[in-house]
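These are the residues of each chain, in order.
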Amino acid sequence: MTARNKNDKKPKSKSRRKFLVRGGLGTLGVFALGTYILRNPLRRKVLGIAETLIAPYSGSGTKPNLWFEITIDNKILLHSPKVEMGQGTFTGLAQIVADEMNVDIEMIEVTTAATSTGIVDSIGTGGSLSIASMYTPLRELAATMGEMLSIEAAKQFGIAKNKLQINNGTYFYGGKELTYAQIASQVTEWEIPDTPTLKSSKNFKYIGKPVKRIDQIAKIKGDPIYGMDTTMPDMAYATIIRPEHVGAKLRSADTSDAEKMAGVVKIIKREDWIGVVAESYVEAIMARKKVKVEWDIPKIWTEQGIREMLKVGNGDKMITQKKGSALEDDDDKVVTIEFSSPLGAHAQIEPNGAVAYVNEGKATVKLSTQVIGITQKQVAEALNIDLDNVNIIGTYLGGGFGRRLNTSHAVETAIISREVGRPIKYFFTRQEEFQNDTFRPPTHHIMKGKLNDEGILEALEHHYASGDVAINSVLLPAPLHGVLGTDIGAMRGANIMYKGLPSHRSVQWHTTLPFATSWWRSLGLLANTFAIESFVDEMAIKSGSNPIDFRLAILGDKDSGPRIKTVLKEAARIAKYTDKSDGNRGMGIAVSTDTGSPCAHVVEVAIINNRISVEKVTCVLDCGLAVNPDQVRAQCEGSIIMGLSASLHEKMTLKNGKLSPTIYGAYDMALIKDAPKEINVHLVQGVDEPLPVGEPPMGPIGAAIGNAVRRITGKRLTDLPMRLS
Amino acid sequence: MKKTIVSVISLLILVLGFAFAESRKDWSGDNHNAAHSNIEQSQDPFDKMMLVLTHQRCVNCHPAGSKPIKGDDSHTTRALGIPRGADGHGLKSIDCSTCHSEENNDFSGVPGAPEWALAPESMIWEGKTRVEIATQMMDPKRNGGRSPEEIMKHLTEHELVLWAWDPGVDSEGIPREKPPVPKDEYIAAVKEWIDNGAIIPNE
Amino acid sequence: MKTSFTINGEVKSIDVDGKTPLLWAIRDDLDLKGTKFGCGKAACGACTIHVDGKQVRSCSFPVKYAEGKNITTIEGLSKGGQLHAVQQAWAEMVVPQCGYCQPGFIMATAALLNQIPKPTDQDIDDNILNVCRCGTYYRMRKAIHRAAEIYASK
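Residues numbered from 1 in each chain as written. Chains lettered and ligands numbered in written order. Predicted model: local features only at pLDDT ≥ 70, side-chain atom pairs only at ≥ 80, totals over all residues. Heavy atoms only, no water.

1. What about the overall build of chain B?
In step 1: Within chain B one finds 10 helices and zero strands.
In step 2: Relative to its full complement of 203 residues, chain B shows a buried share of 50%.
In step 3: Sequence-distant contacts in chain B: of pairs separated by 6 or more residues, those separated by 24 or more amount to 54%.
In step 4: Of the accessible surface of chain B, which amounts to about 9800 Å², a share of 55% is contributed by carbon and sulfur atoms. (Helix = DSSP H or I, 4+ residues; strand = E, 2+ residues; numbered from the N terminus. Buried < 20%, exposed > 50% of the residue type's maximum accessible area, 1.4 Å probe, protein only. Contact = heavy atoms within 4.5 Å. Areas by Shrake-Rupley, 256 points an atom, 1.4 Å probe, with all protein chains shown as cover.)

2. Some details on the overall build of chain C
In step 1: Across its full length, chain C carries six helices and five strands.
In step 2: Helices (α) and strands (β) of chain C occur, in sequence order from the N terminus, as β-β-α-β-β-β-α-α-α-α-α.
In step 3: The C-alpha radius of gyration computed for chain C amounts to 15 Å, which stays within 12% of the reference 15 Å derived for 154 residues, consistent with globular compactness.
In step 4: Each principal axis of the C-alpha distribution contributes one length, and for chain C these read about 45 × 30 × 25 Å. (Rg over C-alpha atoms; globule rule 2.2 N^0.38 Å.)

3. Overview of the packing of aromatic side chains
The geometry of two aromatic rings is summed up by the distance between their centres and the angle between their planes.
In step 1: Taken as a whole, this structure holds 19 aromatic pairs over all chains when the rule is applied.
In step 2: Taking 4.5 Å as the distance between ring centres and 50° as the angle between the ring planes, the aromatic pair formed by Tyr281 of chain A and Trp24 of chain C counts as tilted. Of this pair, Tyr281 of chain A sits in helix H7 (residues 281-288) while Trp24 of chain C sits in helix H1 (residues 22-29), each in a different chain. Like Trp24 of chain C, Tyr281 of chain A is buried.
In step 3: A ring pair is formed by Phe434 of chain A and Tyr667 of chain A, whose centres lie 5.3 Å apart and whose planes are at 50°; its orientation type is tilted. Here Phe434 of chain A, found in helix H11 (residues 430-435), pairs with Tyr667 of chain A, found in the loop between strand E27 (658-660) and strand E28 (678-683); they are 233 residues apart in sequence, far enough to count as distant.
In step 4: Judged by relative accessible area, Tyr667 of chain A falls into the buried class, the value being 0%.
In step 5: Connected via pairs of aromatic rings, a cluster forms that spans Tyr281 and Phe427 of chain A together with Trp24 and Phe37 of chain C. (Phe/Tyr/Trp six-rings, centres within 6.5 Å; stacked < 30°, edge-to-face > 60°.)

4. Let's talk about helix H17 (residues 701-713) of chain A
In an α-helix, one full turn covers 3.6 residues, which means residues spaced three or four apart are oriented alike.
All names here are of chain A.
In step 1: The first and last C-alpha atoms of H17 sit 18 Å apart over 13 residues, in line with the 18 Å expected at 1.5 Å per residue.
In step 2: Of all 13 residues making up H17, 12 are buried, and the element is well covered by its neighbours.
In step 3: Turning to H17, its buried residues number three or more, namely Ile701, Gly702, Ala703, Ala704, Ile705, Gly706, Asn707, Ala708, Val709, Arg710, Arg711 and Ile712.
In step 4: Buried residues in H17 make contact with helix H13 (525-543), helix H14 (547-555), strand E23 (585-594), strand E24 (597-608), strand E25 (611-621) and helix H16 (629-648).
In step 5: Positive phi appears at Gly714, one or two residues downstream of H17, with a value of about 80°. (Expected span 1.5 Å × (residues − 1).)

5. Some thoughts on the domain arrangement of chain C
Residue and element names in this part refer to chain C.
In step 1: One can read the domain layout of chain C as domain 1 (2-77) and domain 2 (85-152).
In step 2: Centre-to-centre separation of domain 1 and domain 2, based on C-alpha positions: 21 Å.
In step 3: Opposite the 18 residues of domain 1 that make contact, domain 2 presents 15 residues.
In step 4: For the pairing of domain 1 and domain 2, the buried interface totals around 1300 Å² over both sides, and the portion due to carbon and sulfur atoms is 58%.
In step 5: Across the domain 1-domain 2 interface, the total number found is zero salt bridges.
In step 6: If you look at where domain 1 meets domain 2, you find six residue pairs in polar contact (both at pLDDT 80 or more).
In step 7: Listed by contribution, the elements that provide at least two residues to the side of domain 1 that touches domain 2 are strand E3 (48-51), strand E4 (54-57) and helix H2 (74-77).
In step 8: Classifying every residue of the side of domain 1 that touches domain 2 gives seven nonpolar, eight polar and three charged. (Domains from an automatic or database assignment. Buried area = accessible area lost by both parts, 1.4 Å probe. Salt bridge = Lys/Arg side-chain N within 4 Å of Asp/Glu carboxyl O. Polar contact = N/O pair within 3.5 Å; in protein donor to acceptor, adjacent residues only side chain to side chain. Nonpolar A, V, L, I, M, F, W, Y, C, P; charged D, E, K, R; others polar.)

6. Overview of empty space enclosed by the protein
All names here are of chain A.
In step 1: Applying the stated rule across the entire model yields seven cavities of 30 Å³ or more.
In step 2: If you add up the space inside the largest cavity, you get close to 550 Å³.
In step 3: Taken together, 42 residues line the largest cavity, and the ones lying closest to its centre are Gln87, Ser128, Gln635, Val693 and Gly694.
In step 4: Among the secondary structure elements, those contributing two or more residues to the lining of the largest cavity are helix H2 (89-101), helix H3 (130-157) and H16.
In step 5: Across the lining of the largest cavity, the residue classes tally to 20 nonpolar, 19 polar and three charged. (1 Å grid on protein atoms, 1.4 Å probe; cavity = no way out; pocket = protein on both sides within 12 Å on 5 of 7 lines; lining within 4 Å. Points joined across faces, edges and corners; volume = space filled by probe spheres on them.)

7. Some points on the environment of Ser417 of chain A
Residues and elements named next belong to chain A.
In step 1: Within the fold, Ser417 resides in helix H10 (residues 409-420).
In step 2: A relative accessible area of 0% places Ser417 in the buried class.
In step 3: Through-space distance from the C-alpha of Ser417 to that of Tyr357 is 5.6 Å; in sequence the pair is 60 residues apart.
In step 4: Excluding residues within four positions of it along the chain, Ser417 makes contact with Ala356, Tyr357, Val358, Arg422, Pro423 and Ile424.

8. Notes on the sheet that holds strand E20 (residues 443-451) of chain A
Residues and elements named next belong to chain A.
In step 1: One open sheet holds the five strands; their spatial order is E14-E22-E21-E20-E15, and the pairing between them is mixed. The strands lining the two open edges of the sheet, one partner per strand, are strand E14 (316-323) and strand E15 (335-341). Within this sheet the neighbouring strands show an average axis-to-axis angle of 15°, counted without direction.
In step 2: Relative to strand E21 (residues 457-466), E20 runs antiparallel, the two sharing nine bridges. If you follow His445 over to E21, its bridge partner there is Tyr464.
In step 3: With respect to the sheet, H13 is in contact with E15, E20 and E21, its orientation differing from that of E20 by roughly 25°. (Pairing = 2+ DSSP bridges. Axes fitted to C-alpha atoms, helices over the stretch in contact; angles between N-to-C directions.)

9. Side note on the interface of chain C and chain A
In step 1: The partner chain A presents 62 residues to the 49 residues of chain C that form the contact.
In step 2: On the chain C side of the contact with chain A, Gln97, Arg133 and Tyr138 of chain C bury the most area, a combined 20% of that side's loss.
In step 3: With a shortest N-O distance of 3.2 Å, Arg139 of chain C and Asp630 of chain A are connected by a salt bridge.
In step 4: For the pair chain C and chain A, the number of links is 25 residue pairs in polar contact (both at pLDDT 80 or more).

10. Regarding the state of the cysteines
By definition, a disulfide links the sulfur atoms of two cysteine residues through a covalent bond.
Residues and elements named next belong to chain A.
In step 1: By the definition in use, this model includes zero disulfides over all chains.
In step 2: No disulfide involves Cys619; its sulfur sits 3.9 Å from that of Cys599, the nearest cysteine.
In step 3: The buried category is assigned to Cys619, whose relative accessible area is 0%. (Disulfide = S-S within 2.5 Å.)

11. A short note on a negative patch on the surface
Residue and element names in this part refer to chain B.
In step 1: Where like charges cluster on the molecular surface, the negative patch consists of Asp44, Glu149, Glu150, Glu192 and Asp195.
In step 2: Secondary structure elements with two or more residues in the negative patch: helix H8 (148-157) and helix H10 (183-195).
In step 3: With respect to the helices, strands and loops of the structure, Glu192 is situated in helix H10. (Patch = residues over 30% accessible without salt bridge, like charges linked within 9 Å, V, L, I, M, F, W, Y side chains within 5 Å. Lys, Arg positive; Asp, Glu negative; His and termini not counted. Charge placed at Lys NZ, Arg CZ, Asp CG, Glu CD.)

12. Some points on the nonpolar core
In step 1: Core analysis: the largest hydrophobic core is formed by 208 residues, its most contacted members being Ile705 of chain A together with Tyr137 of chain C.
In step 2: Residue contributions to this core peak at 12 residues, all from H3 of chain A.
In step 3: Apart from the residues within four sequence positions on either side, Tyr137 of chain C is in contact with Ile641, Ala670, Leu671, Ile672 and Ala675 of chain A together with Phe105, Asn130, Val131 and Cys132 of chain C.
In step 4: Judged by nonpolar contacts, the second largest core, of 33 residues, contains Val277, Val365, Ile385 and Tyr426 of chain A. (Core = buried A, V, L, I, M, F, W, Y, C linked by side-chain atoms within 4.5 Å.)

13. What to know about the environment of Gln55 of chain C
In step 1: Mapping Gln55 of chain C onto the fold places it in strand E4.
In step 2: Overall, Gln55 of chain C belongs to the buried group, its relative accessible area being 0%.
In step 3: Ignoring anything within four residues of it in the chain, the contact list for Gln55 of chain C reads Ser93, Ile94 and Thr98 of chain B together with Thr48, Ile49, His50, Ala108, Ala111 and Asn127 of chain C.
In step 4: A polar contact of 3.2 Å, which involves the side chain of Gln55 of chain C, links it to the side chain of Ser93 of chain B.

14. Quick word on the sheet that holds E23 of chain A
All names here are of chain A.
In step 1: Strand order in the open sheet made by the four strands is E23-E24-E25-E28, with mixed pairing throughout. Edge strands, defined here as strands with exactly one partner in the open sheet, are E23 and E28. Within the sheet, the average angular offset between the axes of one strand and its neighbour, ignoring direction, is 20°.
In step 2: Sheet analysis places E24 next to E25, joined by 10 bridges and oriented antiparallel. Paired with Val602 across the strands is Thr618, a residue of E25.
In step 3: Contacting E23, E24, E25 and E28, helix H15 (residues 561-575) crosses the sheet at an angle of about 30° to E24.

15. Structural notes on the side chain of Arg176 of chain B
All names here are of chain B.
In step 1: Relative to the helices and strands, Arg176 is located in the loop between helix H9 (159-162) and H10.
In step 2: Among the polar contacts listed, one links the side chain of Arg176 to the backbone oxygen of Pro167, at a separation of 2.7 Å.
In step 3: With residues near it in sequence (within four places) discarded, Arg176 still touches Arg57, Asp72, Gly109, Pro111, Trp163, Pro167, Gly168, Val169 and Asp170.

Here it is as structure tokens:
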């Protein structure tokens, strides 16, 4: 049934793709129309993403994969290679498809592509790149789909294509009409046109408009759309016992009492965990309490021990940026300030988990994950079966934030299912979640700077120590770690953006900690910007100039310099930034640029009962073309609040060798009472294409708050979470 | 469960040794525990009673601030914790019963007992000496107008008070510490002290 | 142990251990998945439901205390296909991001409006103690005020 591409003699790099037609196939009377790509048209994007390390969409080209289905009720179902974890990607993709196919957005539905039904991103969803990376390819695909349908419509009407009239997924001619679904159902061999000319931006009906989220009614009504909500027939429930002490190993386990508990199906002992399976979740938890475990605890890790490891000067050194000469330690004009940030938890509200069934050499796993493709590989390897025999079905995610860039618990669930011979649902307890997170690593920073005789900064150095972010991640093949040497995740935001400085450098000290640290929304950006922008602010105060002019003088006109200047000036102008404080209330400003999207915040802080209260945030972001400005704003608001929470409240620590705390509340996070009552987001469009959105606004928030506190109290806070006493 | 915890804890002590002992010290930052060492062998009914009343199981519900204090370390959390409100049962929409039911919940680690509530502000015990607590407890102006008999009833029969000897497990499944005097001995001591005129020593 | 209660207007009877958290009876026995499991420790509020009109964190509420009670979950909040005022306000303000915590917040807000029809910012700060990781609080506050308006106009 594969269509031959009539134009395939001389493949064109841009549109060289084959289309697969499954007319009348699919499930439940669905007519499926699919495409598969021989050559990834997104390669050209790859160069632009070196900073983030999470490549854009990169579907495999070996199998017929499905992009669109036209359903029998004439809806267009997009199988998204990117997952929806709250960032609004499904809505943005629907807008793109609706515009290029000239249909109402209500005609578009979006679902997460499973490994068996569509193209999944073989690397993952992250790096704020979903819309940015999919924008052009999806427009091309949708436009091509529209053109294919028009060609077939013309054939079926027996007229020339230019005589067709079309309205919202239905073609009209001579009093007759044909819907997309009717057309698709008649086609067995599709003609593949060259990629049509894409719509001019002035004709966009949806792109660039604040369309309401297409998933919000389901979310407001509590529909069962998440991994936690999935089930399989005859499913049993598993809970897993893992060590609570960092580095502990299972010595022995007596499961005899637990096995006698009501509802227990099986208890599975592995090298480093014990799975307790029962007919219900509650029974599994009850039985788990009866398992007597002894652990070997080789070392009691302490907070101080970790802090010692993570100091500038310890670990692997890598100069990640260098211009001009290094500052001399004995130069008494050099100002030095140290900063730090703590271990941070993802604390996404939906716990990690999976529902898996392994039977006759085939595995099906449903779960919330940012890495469907990688999870497929992990499960196939662990079960020693072919990749084609593993189907990973992604769901909506109850939060991602980088935590679900490693969902190896799919493997554990599959192993338990194989052992038990039934479908298994497994999910983390909250304590397990907090103690087995892939944390944001703690950091330590030494900032050095020197003013020239005119009070202008002439040299700036950022020396920073971090645990793993990118290094040791499943997202990166191990050889890449060696080649790169640097942890590029820890490096996010670490390099000096003030390219106008005669001298600047950034030096990384990397150490792998005894527990997993990895991707956390915006990676190193929050802590690095906190250090750099707090320090720059302090230098501005020392030079006696206002913090905007001080920065403008050193930003330079190369690279993103002009765009950074724009957001900085706009934020100051809109917020009416002032250095003045009445001793209780004041403003702080900070700026950063991340993955090509510069962002500046001005915050208004009030000191209430010796607590830092963020009253108002003015955010200016240049993310290029905002496909959905309302959802871009939502991402800015979310980033600001999550960044505020990390900057003022959150901290994981080690207590008696265990990661602690293990419960919300004790892990202090911002609540509604802590959120600014006013967040004004202003978007400027410095380029015509969409750029990343979900992480860049996290960058300046910590520093902006600290800078405001400095203006109010005279005190420079150097450690996250910031506290006045 | 208990056996598991015992084995984990004994192992912890083996491995941690000094470190564990150190961390226990952190819990004794309040003045109550300091008093314990001097009087824990005492057979005096007042001493026995006050060992209980100054224990965190009692003090946590008589906090100095507006919010409950929690756990064996009497901690507060900034973010959560419902203020005592007008009647000690919390606020209008969110109150004690939003999370606490009439019994301990071993799944969530949320403690519970009938009439779960905070003592009113007139009955704050946190940060006070045992003499101050006893004086205040017997003062009708500050004890809700209770007679000595009614105080005895509260101290020896109220399910919320006796919950201290059945405090359940915390959010990590670890049993909460019970007061340092067995329930029967405590009840006998309270009765003896009140029957003998509820005399409060000078110190 | 058999327990009977009214849930979303229907009388249901379930046979589970009386100490079972109501959350699991609702999710797994009654297959109403809108009430979410977040922490199981009554600390995040994702499992918030109404018991006799008051907000309760169902992960910490033993089934046996539900006997004879009137329970509402997110599925029962909208009546006759019409979204509840709080849900309408949520849709107007486009509050949800990942959405996982939203049913809990919506239930907590509906309970708040039952007690305080026109809440002040302080009422919101005091009574809404659920946790949202996406940081939708800014829009939530606006939606709570908007819901109060819709409520008042009905």
